[in-house]
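One-letter residues, chain by chain:
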Amino acid sequence: MSVLAFDFDGVVADTMCFLGGLAVSLLCEEYRMSRSDAQTAYRLTTGVSFRDQLERLFPGSPLNTLVCRRFRLLRDSRYESLPEVPGVQGVIGELVRRGYRCVTLSGTESHVVSGWLQVRGGKLASLLEVLCGDKSGELRRLGSSGPVVFIGDSLEDAVTAARAGARFVGYAGPGAVTRSEGFEALGLERVTRITDLLVVLP
C-alpha cells in the first residue's frame, strides 16, 4: 500500500498565516529584526519545529527557550479555532477510498495536532494517522515498507523528502508558505489547488 504523508500546518490545517504572523512578530520584538528580514528568515526555515527554527537562526541564543515558550502559549490560545485547508477533507477521504494510507507529519507537538483534529478536523480525525517529531525519520520508516509521497508547502519539506528518498509534491495554494514559482524554480512537482492532488495521485 502506498503512503501519502501530508504536512499538517499549511496542507491539512490552514494555520500558516496565523503561525507566520505570530513568529514574525516575536522575531522582530525579541531579536530586533526588521519585519522584512523576519519574514524571510521564517519562510526559509519553515518545515521544522519553531524551536529548531530559532536554533538555526540564532544558534545557542539564551532567548530561544523563552521565545519558544511565548510562541507556544500564544499559538495554543487560538490554534483550535483555525480552519482546515478548504477541500482537504474531501480530498483525503477520496484518496483513502482509492486505497492509500494517509498520515500527517508535523513538527508541532502531537497533543496540539490531535487536539485540533478532534475539535476542528471532522472526519480527518479518523482518516489520518498522526506522526509528530522527526519528519525525515518518519518518512524513512514509512518508506521501508513501500512507496511514500510527501505533500508539503515549504522548500524545507522538499529537502526532507529528498533526504528520506520520498517523492515530493509541493502545495502552493492560498495560505501556503511557498508560492508555485518557488517550487517551479527548483523543478519540483507542485499543485496550486488541494483538489489537484486527485489528478497527480491516481
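Just so it is clear, the structure is predicted and the values come from calculations on it, not from any experiment.

Peer 1: Would you explain the packing of helix H3 (residues 50-57) against helix H4 (residues 63-76) in this entry?
Peer 2: Any two packed helices are characterised by the angle at which their axes cross and by the distance between the axes. Across the interface, H3 lies against H4 with an axial gap of 10 Å and an inter-helix angle of 145°. Viewed along their axes, H3 and H4 form a crossing whose handedness is right-handed. Here Phe50, Arg51, Leu54 and Glu55 of H3 come into contact with H4, specifically with Asn64, Thr65, Val67, Cys68 and Phe71. Residues that form the contact of H3 with H4 fall into these classes: five nonpolar, two polar and two charged.

Peer 1: Help me out: how do you make sense of the packing of aromatic side chains in this one?
Peer 2: One pass over the structure, following the stated rule, counts five aromatic pairs. Where Phe8 meets Trp116, the ring centres are 5.3 Å apart and the plane angle is 80°; that geometry is what we call edge-to-face. Of this pair, Phe8 sits in the loop between strand S1 (3-7) and helix H1 (16-31) while Trp116 sits in helix H6 (residues 110-120), placing them 108 residues apart in sequence. Each member of the pair, Phe8 as well as Trp116, is classed as buried. Ring geometry for Phe50 against Phe71: centres 4.1 Å apart, planes inclined by 20°, an arrangement best described as stacked. Note that Phe50 is positioned in helix H3 and Phe71 in helix H4, a separation of 21 residues in sequence. Judged on exposure class, the residue Phe50 and its partner Phe71 are both buried. Three or more aromatic residues link up through ring pairs in this structure, and these residues are Phe150, Phe168 and Phe183.

Peer 1: How should the packing of H1 against H4 be read in this particular structure?
Peer 2: Contact pair H1 / H4: the axes reach a minimum separation of 10 Å and the direction vectors enclose 145°. As for the relative orientation of H1 and H4, their crossing is right-handed in sense. Side by side, H1 and H4 meet where Phe18, Leu19, Leu22, Ala23, Leu26, Glu29, Glu30 and Tyr31 of the first sit next to Leu63, Asn64, Val67, Arg70, Phe71, Leu74 and Arg75 of the second.

Peer 1: What is the right way to look at the nonpolar core in this model?
Peer 2: Among soluble globular proteins, nonpolar side chains are generally buried collectively. Ranked by size, the top nonpolar core spans 51 residues in total, and within it Leu4, Phe6, Trp116, Ile151 and Leu197 carry the most contacts. Of all the elements, H1 adds the most residues to this core, at ten residues. Ranked by size, the runner-up nonpolar core spans 17 residues in total, among them Val3, Leu131, Phe168 and Leu188.

Peer 1: Any chance you could explain the sheet that holds strand S4 (residues 148-152) here in plain terms?
Peer 2: Think of a sheet as strands paired side by side through backbone hydrogen bonds, with each pair either parallel or antiparallel. The six strands are arranged S3-S2-S1-S4-S5-S6 in an open sheet whose pairing can be described as parallel. Only two strands of the sheet have a single neighbouring strand rather than two, namely strand S3 (129-132) and strand S6 (190-191). Pairing between S1 and strand S2 (residues 101-106): five bridges, direction parallel. If you follow Asp7 over to S2, its bridge partner there is Leu105. Each of S1, S2, S3 and S4 is contacted by helix H8 (residues 135-143), which is oriented at about 160° to S2, the strand it contacts most.

Cut-offs applied
Residue indices follow the written sequence of each chain, beginning from 1 at its first position. This being a predicted model, a pLDDT of at least 70 is required before a residue's local features are given, and a value of 80 or more before pairs of side-chain atoms are given or counted; all residues contribute to the totals for chains, interfaces and linings. To get the side-chain values, take all heavy atoms of the structure and skip hydrogens and water. Working convention: axes come from line fits to C-alpha atoms, limited for helices to the stretch in contact. Angles between N-to-C directions cover 0 to 180 degrees. Strands here are runs of E lasting at least two residues and helices are runs of H or I lasting at least four, both read from the DSSP assignment and numbered beginning at the N terminus. Left-handed describes a crossing whose near helix is turned anticlockwise from the far helix by less than a right angle; the clockwise case is right-handed. Note on definitions: a residue-residue contact is assigned when non-hydrogen atoms from the two residues lie within 4.5 Å. For this scheme, ten residues count as nonpolar: Ala, Val, Leu, Ile, Met, Phe, Trp, Tyr, Cys and Pro. Four count as charged, namely Asp, Glu, Lys and Arg, and the remainder, Gly too, count as polar. Ring pairs shown here join Phe, Tyr and Trp side chains whose ring centres sit within 6.5 Å, with only the six-membered ring taken for Trp; geometry is labelled stacked below 30 degrees between planes, edge-to-face above 60, and tilted in between. Think of it in three bands: with a 1.4 Å probe and only protein chains considered, a residue is buried below 20% of the maximum accessible area for its type, exposed above 50%, and partly exposed in between. Within this scheme, the nonpolar core is defined by two criteria: the residues are buried Ala, Val, Leu, Ile, Met, Phe, Trp, Tyr or Cys, and they are joined through side-chain atoms within 4.5 Å. Only when DSSP finds a minimum of two bridges between them are two strands counted as paired.

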